[in-house]
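Chains, contacts and geometry: an overview
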Amino acid sequence: QLRLVESGGGSVKPGGSLTLSCQASGFGVSSFDLRWYRQVSGKERESVARIASVTGYRHYADFVKGRFIITRDDLKMTVTLQMNALTPDDTAVYYCYARRANNEYWGRGTQVTVSS
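In this numbering scheme, every chain counts its residues from 1 along its sequence in written order. Only residues with pLDDT of at least 70 get local features here, since the model is predicted, and only at 80 or more are side-chain atom pairs given and counted; chain-wide, interface and lining totals rely on the full set of residues. Here the side-chain values reflect all heavy atoms present in the structure, with hydrogen atoms and water set aside.

What follows concerns unusual backbone geometry. Glycine aside, negative phi is the norm for most residues, and most peptide bonds take the trans geometry. Although it is not a glycine, valine 54 sits at a positive phi angle of roughly 65°. In this structure, valine 54 sits in the loop between strand S5 (46–51) and strand S6 (58–60). By relative accessible area, valine 54 is classed as exposed at 81%. The backbone phi angle of alanine 101 is positive, close to 55°, even though this residue is not glycine. Numbering of helices and strands runs from the N terminus, with a helix taken as a DSSP run of H or I at least four residues long and a strand as a DSSP run of E at least two residues long. Here the term buried applies to any residue with accessible area under 20% of the maximum for its type, exposed to any over 50%, and partly exposed to those in between, with areas from a 1.4 Å probe on protein chains only.

This is the structure in structure tokens:
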């Protein structure tokens, strides 16, 4: 069983930055696609960023392009989301996600609040 634990959430003012980290345990993640999702209360969970296994191909949702950067370290078994130029619209619970074939895993999430 792969376990994912997010950290780094918190409160920040508009224009600020936060870095989220997701630590995996259980077994290696090098063959997993890794993603960050977010969810606002009452709304559907939405994909924020994705980084593929092997190739390291990155894909971002349009609403974070140019502001967020996703990276992975397969030796440390982490995936990180650097978030810059945050706005109140980025306020949400952010979830780490890993997928390989038909197996998928979620973290429990970390709250990010952007407010003046």
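This brings us to the packing of aromatic side chains. The aromatic pairing rule takes the rings of Phe, Tyr and Trp, using the six-membered ring of Trp, and pairs them if the centres are within 6.5 Å, calling planes under 30 degrees apart stacked, those over 60 edge-to-face and the rest tilted. Inspection of the entire model under this criterion finds five aromatic pairs. Members of the aromatic cluster, connected to one another through ring pairs, are Tyr37, Tyr95, Tyr97 and Trp106. One residue, arginine 45, lies across the ring of tyrosine 95, its end atom 3.7 Å from the ring centre. Here the guanidinium or amino end of arginine 45 rests over the ring plane of tryptophan 106, the centre of that ring lying 4.6 Å away. A ring is scored as having a charge over it whenever the NZ atom of a lysine or the CZ atom of an arginine sits within 6 Å of its centre and within 35 degrees of its normal.

Moving on to the state of the cysteines. We call a pair of cysteine sulfur atoms a disulfide whenever their separation is within 2.5 Å. The tally for this structure, following the rule as stated, stands at one disulfide. The residue that forms a disulfide with cysteine 22 is cysteine 96, at a sulfur-sulfur distance of 2.1 Å. On the sign convention where negative means left-handed, the S-S torsion of about -85° between cysteine 22 and cysteine 96 marks this disulfide as left-handed. A residue pair is termed long-range when its members are at least 10 positions apart, and cysteine 22 in strand S3 (residues 18–25) and cysteine 96 in strand S9 (residues 92–100) qualify at 74 residues. Of the two residues examined, cysteine 22 and cysteine 96, each falls in the buried class.

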